[in-house]
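One letter stands for each residue in the lines below.
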Amino acid sequence: MEKFGFQKVANNPGPGQPFINHNQPPPRPEHPPAGTQQPPRTFSRKKLITANCSSNQVALSNKVGVSPNDFAEVPDSSTVVLDGNFVYSIYKDANMQQGQIGLAGNVRPWGRWSLGQPVTVEPYNIFANGNSNYLGAIDLFVDFRQKSKANSSPINHEELIKIFLSNHENMILQPTQPLVMDFRGLILSVYVIGCQVIDLNNIQATATMLEDLSSKGILIKQTAINFYPQEGSIINLIKPKGSKSSNHANKNRANQLIRPDFKLDQMGIGGLDQEFQQIFRRAFVSRIVSPDLVDSLGLRHVKGLLLYGPPGTGKTLIARQIGKMLNVKEPKIVNGPEMLSKYVGSSEENIRNLFKDAEAEYKTKKENSQLHIIIFDELDSVFKQRGGGKGDGTGVGDNVVNQLLAKMDGVDQLNNILIIGMTNRLDLIDNALLRPGRFEIQIEISLPDEKGRKDILLIHTKKMKDNELLGNDIDFDEIAASTKNFTGAELEGLVNSATSFAISEYTKSENIAQVDENVAKMKVSRKHFFQALQEVKPAFGVNEEDLTGNSPYGIIPYNHRVNEIFDKLQSYIEEVKNSSTERLISVLLHGEQGVGKTAIASYLALKSEFPFIKMLSAESLVGMSEAMKIATIDNIFRDIYRSPLNVLVIDKIETLINYVPIGPRFSNEILQMLIVNLNKKAPNGRRLLIIGTTSQYSVLKHMNLVENFTKTIEIKKLTKIEEISIIMKHLNFMNEQERSIITNQLSSIGDGQINIGVKKLIQVLMNCQYLKTDVNGVVENILEAQLS
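Parameters and conventions
All residue numbers refer to positions counted from 1 along the written sequence of the respective chain. The predicted nature of this model means local features are confined to residues of pLDDT at least 70 and side-chain atom pairs, given and counted, to a pLDDT of 80 or more, with totals for whole chains, interfaces and linings taken over all residues. Calculated side-chain values reflect all of the structure's heavy atoms, with hydrogen atoms and water omitted. UniProt positions are given in the numbering used here, feature names are shortened, and annotations may be inferred rather than shown by experiment. Numbering goes from the N terminus for both helices and strands, where a helix is a DSSP run of H or I of at least four residues and a strand is a run of E of at least two. Residue contacts are counted whenever heavy atoms from the two residues lie within 4.5 Å of one another. Methods summary: accessible areas were calculated by the Shrake-Rupley approach with a probe of 1.4 Å, and residue burial reflects only the protein chains presented. Summary of the metric used: pLDDT quantifies the predictor's per-residue confidence within the range 0 to 100. Take the buried Ala, Val, Leu, Ile, Met, Phe, Trp, Tyr and Cys residues and link them wherever side-chain atoms come within 4.5 Å; each set so joined is a nonpolar core. For each residue, the accessible area found with a 1.4 Å probe, counting protein chains only, is set against the maximum for its type, and the residue is called buried under 20%, exposed over 50%, and partly exposed in between. Axes, fitted as lines to C-alpha atoms, cover a helix only where it is in contact. Angles between the N-to-C directions of the axes lie from 0 to 180 degrees. Angles are sorted into four bins: roughly parallel if under 35 degrees, roughly antiparallel if over 145, roughly perpendicular if 65 to 115, and oblique for all others. Here a crossing is called left-handed whenever its near helix is offset anticlockwise from the far helix by less than a right angle, and right-handed whenever the offset is clockwise. Paired strands, as defined in this entry, are two strands with at least two bridges between them according to DSSP.

- Per an unreviewed UniProt entry, the protein chain goes by the name Vesicular-fusion protein SEC18 and belongs to Hyphopichia burtonii NRRL Y-1933.
- As recorded by UniProt, the Sequence similarities (unreviewed entry) comment attached to the protein chain reads in full: "Belongs to the AAA ATPase family."

Structure follows, in structure tokens:
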């Protein structure tokens with residue numbers, strides 16, 4: 001291989017080091033494939049019917065049998081591609097019927113062809129794109145074709161390579177390709193694991209071992225051929241002393257963990273690219289290199305992966321798709337409560353049964369064992385904190401946790417298991433399960449951001465687009481921006497709702513159970529999506545419409561104090577967003593009733609444009625017992641960290657803690673919960689702005705709650721007639737002359753001072769406008785309102 005310019009030390013790439021480096025320009029191969037000196041003759045695309053090979057000779061050639069009449073225009077052994085993916089050389093066989101293609105029994109499963117199925121056959125030229133693709137190295141699994149003839153007699157690794165090369169030189173090979181070969185009368189099955197493709201026109205590039213179907217290269221004399229025993233095989237490959245061939249015969253090779261035909265864009269999961277990269281890096285990297293390298297590095301395989309986050313964000317979907325993307329045993333999917341049984345010892349036995357297959361295989365195959373995946377849904381329902389005294393008195397919950405701990409990281413450790421757990425409540429799970437060696441990888445699957453929401457919408461509308469059922473007026477960037485706090489499941493519901501609106505336009509007016517015959521012309525348009533947004537609401541956070549409802553007339557800057565308050569509040573937003581230390585800021589807006597505290601808090605929350613906004617108010621807790629209120633508030637404080645930037649509005653705190661002046665009485669439990677959470681550090685680098693409002697500042701002061709807010713701001717009533725004039729003008733209330741009369745009359749009463757909250761004033765003005773009250777009536781109503 002030195003004549004090719006390959007480094008001698010890397011000429012035999014072993015497991016975990018599939019690289020060949022090029023140091024100098026290599027000459028052309030000694031025997032380039034026939035037909036490369038001049039443009040090959042070609043033929044037109046053909047449709048042939050799958051049939052059996054006519055003889056063992058054709059099968060052992062690893063070519064496809066064709067009738068000479070079908071390919072008269074090209075020579076024998078010409079290269080073709082089947083169904084656009086699978087490259088073969090043709091074998092002109094007079095015994096093949098015209099219009100058929102002979103595929104051996106080991107070939108048909110590769111392309112998923114069945115007998116009698118049509119196959120598209122096209123000419124293939126590996127040099128068509130200007131590259132000269134040769135194989136620098138190739139990794140192969142080998143085993144006995146017939147298990148009855150399997151034996152452990154030594155097979156010379158170098159001789160096996162020599163025979164393979166003599167039979168297949170100049171043939172194009174690609175990963176996942178099945179082959180057969182005759183070795184001294186023994187028929188062996190060969191499987192292409194990976195190919196190192198070298199472009200001689202770009203020799204400075206570092207070639208890597210590729211394992212996907214699209215990688216193709218020509219086998220030449222200089223190719224480094226590496227055989228490995230098939231998993232579980234008793235085939236005995238030996239390397240003779242002084243041999244120049246690969247020195248890893250009979251050594252374990254890394255299992256092909258990722259299915260070669262798997263594409264990430266087929267997963268149907270959007271907005272989770274970073275999470276998938278983290279899962280792969282932490283959970284699977286140690287499993288794609290060879291056991292020898294794992295042993296040399298002292299690596300320990302990860303056994304537990306825990307996905308947590310709010311419902312509907314795709315945790316279960318991720319777990320299922322991980323099972324599909326891996327070349328592993330069929331994952332066992334278990335719902336947590338299914339493990340529990342009323343019979344003594346049965347729950348623990350159910351846990352043990354999940355590991356039986358993995359244990360049995362690990363005993364016989366050790367590190368060559370396939371990976372066994374167990375998926376636990378609703379993990380928190382079974383594996384709760386032990387010793388909490390919240391069980392049924394039988395201790396079954398504690399025993400189940402103990403059994404899982406023993407199986408995951410006990411005395412008899414298994415390296416061939418991966419347990420994927422899912423939960424909405426990470427805090428409920430026993431702490432011992434979360435340490436290294438158990439569920440050491442904990443990845444939050446949170447609400448998707450705007451880009452993620454767009455990706456999810458595109459996934460759920462792909463079929464519509466492919467079938468031309470999607471309107472041209474849809475802007476998915478616009479819809480993604482309008483769906484803050486939506487989970488992936490809610491976005492799917494939004495698409496379904498929009499589709500239902502589109503179909504409903506074609507229902508017959510006389511019978512809504514029937515659709516018009518023109519429904520085939522239906523298209524889902526922008527209008528339908530925005531109709532759907534009126535009925536599909538996010539479970540987390542607050543809709544912008546709800547917050548806007550707290551300030552229907554906006555915030556009116558009736559004096560310089562209002563502007564100062566907003567400048568100060570805006571600075572807190574910027575501080576939370578950008579500060580390296582202040583990731584939690586809490587602001588208490590206090591003042592008498594009707595001064596606009598809730599309106600300012602809601603307006604500010606919207607103005608922050610933080611991706612996650614939540615509102616906690618007594619209105620949402622009406623009718624609940626104190627215990628239910630505590631649980632609900634606790635869940636809200638857990639929900640507020642669903643995105644990197646969050647806002648929580650706590651409205652009317654005195655009502656929230658059940659304060660009544662008679663007594664006085666209040667809920668100390670809720671009060672203590674608020675105090676704890678106002679001082680709790682934001683987890684995982686998240687940032688939170690809390691805006692509280694109260695009309696009982698002195699009461700909260702005595703309860704030591706005020707001191708737990710970072711800042712306090714007082715909102716005062718209107719005290720000047722000019723302020724009323726500004727508000728009336730902002731609301732376009734009456735004309736300028738009538739407004740002047742109202743302010744003059746108010747100025748003439750008393751000393752020209754007023755004392756009314758802005759909320760109450762706006763209510764009075766709107767009521768007067770509705771009743772068409774004259775200026776005298778307006779003045780009278782304002783004076784009455786400030787006395788009430």
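From this point, things continue past the structure.
Side note on the overall build of the protein chain
- Looking only at helices and strands, one finds 25 helices and 30 strands in the protein chain.
- Restricting the contact set of the protein chain to residue pairs at least 6 apart, pairs at least 24 apart contribute 78%.
- Approximately 38300 Å² of the protein chain is accessible, and the part contributed by carbon and sulfur atoms is 48%.

Here's the deal with the confidence of the model for the protein chain
- Scored by pLDDT, the protein chain has a mean of 83; 86% of the residues are at 70 or more.
- Highest mean pLDDT in the protein chain belongs to strand S24 (residues 584–590) (96); lowest belongs to strand S1 (residues 19–20) (37).
- This model gives residues 1–37 a pLDDT under 50, and the stretch forms 95 contacts once residues within four places in sequence are excluded.
- Segment residues 244–251 is flagged for pLDDT under 50; beyond a separation of four residues in sequence, or across chains, it makes 28 contacts in the model.

Structural notes on the nonpolar core
- Counting residues in hydrophobic clusters, the biggest one holds 52 residues, and the most contacted among them are Leu569, Leu589, Leu718, Ile727, Ile742, Leu765 and Ile782.
- Considering every element that reaches this core, the biggest residue donor is helix H16 (residues 560–578), with seven residues.
- When sequence neighbours within four positions are dropped, the list of residues in contact with isoleucine 727 reads Ile556, Tyr558, Leu718, Val758, Leu761, Ile762 and Leu765.
- By size, the runner-up hydrophobic cluster in this structure holds 30 residues, among which are Leu648, Leu671, Leu678 and Ile690.

Things to note about the side chain of serine 551
- Assignment of secondary structure puts serine 551 in the loop between helix H15 (544–548) and H16.
- Excluding residues that lie within four positions of it along the chain, serine 551 makes contacts with Ala599 and Tyr603.

What to know about the packing of H16 against helix H17 (residues 597–608)
- Where H16 meets H17, the closest approach of the two axes is 11 Å, and the angle between their N-to-C directions is 45°. In terms of orientation, H16 and H17 fall into the oblique class. The chirality of how H16 crosses H17 is right-handed. Here Phe566, Leu569, Gln570, Ile573 and Lys577 of H16 come into contact with H17, specifically with Ile600, Tyr603, Leu604, Lys607 and Ser608.

Notes on the sheet that holds strand S20 (residues 417–423)
- Spatially, S18-S19-S20-S17-S21 is the arrangement adopted by the five strands of the open sheet, whose pairing is parallel. Taken across any chain shown, the strands that pair with only one partner, and hence form the sheet edges, are strand S18 (332–335) and strand S21 (441–444). Averaged over all pairs of adjacent strands, the angle between strand axes in this sheet comes to 20°, irrespective of strand direction.
- Contacting strand S17 (304–308) and S21, helix H4 (residues 273–283) crosses the sheet at an angle of about 175° to S21.
- Helix H7 (residues 315–325) rests against S17, S18, strand S19 (372–377) and S20 of the sheet, and its axis sits at about 165° to S20.

Quick look at the sheet that holds strand S3 (residues 64–66)
- Ordered by their spatial adjacency, six strands build a closed barrel running S2-S6-S3-S5-S4-S7, and the pairing between neighbours is mixed. This sheet shows a mean twist of 45° between the axes of neighbouring strands, independent of strand direction.
- The sheet contact formed by strand S2 (residues 46–51) and strand S7 (residues 118–123) spans four bridges and is antiparallel. Note on S7: the bridge partner recorded for isoleucine 49 is proline 118.

As for the environment of serine 617
- Structurally, serine 617 can be placed in the loop between strand S25 (612–616) and helix H18 (626–639).
- Each C-alpha atom, one on serine 617 and one on lysine 652, is 6.7 Å from the other, the two residues being 35 residues apart in sequence.
- Every residue in contact with serine 617, bar those within four places of it in the chain, is listed here: Asp651 and Leu656.

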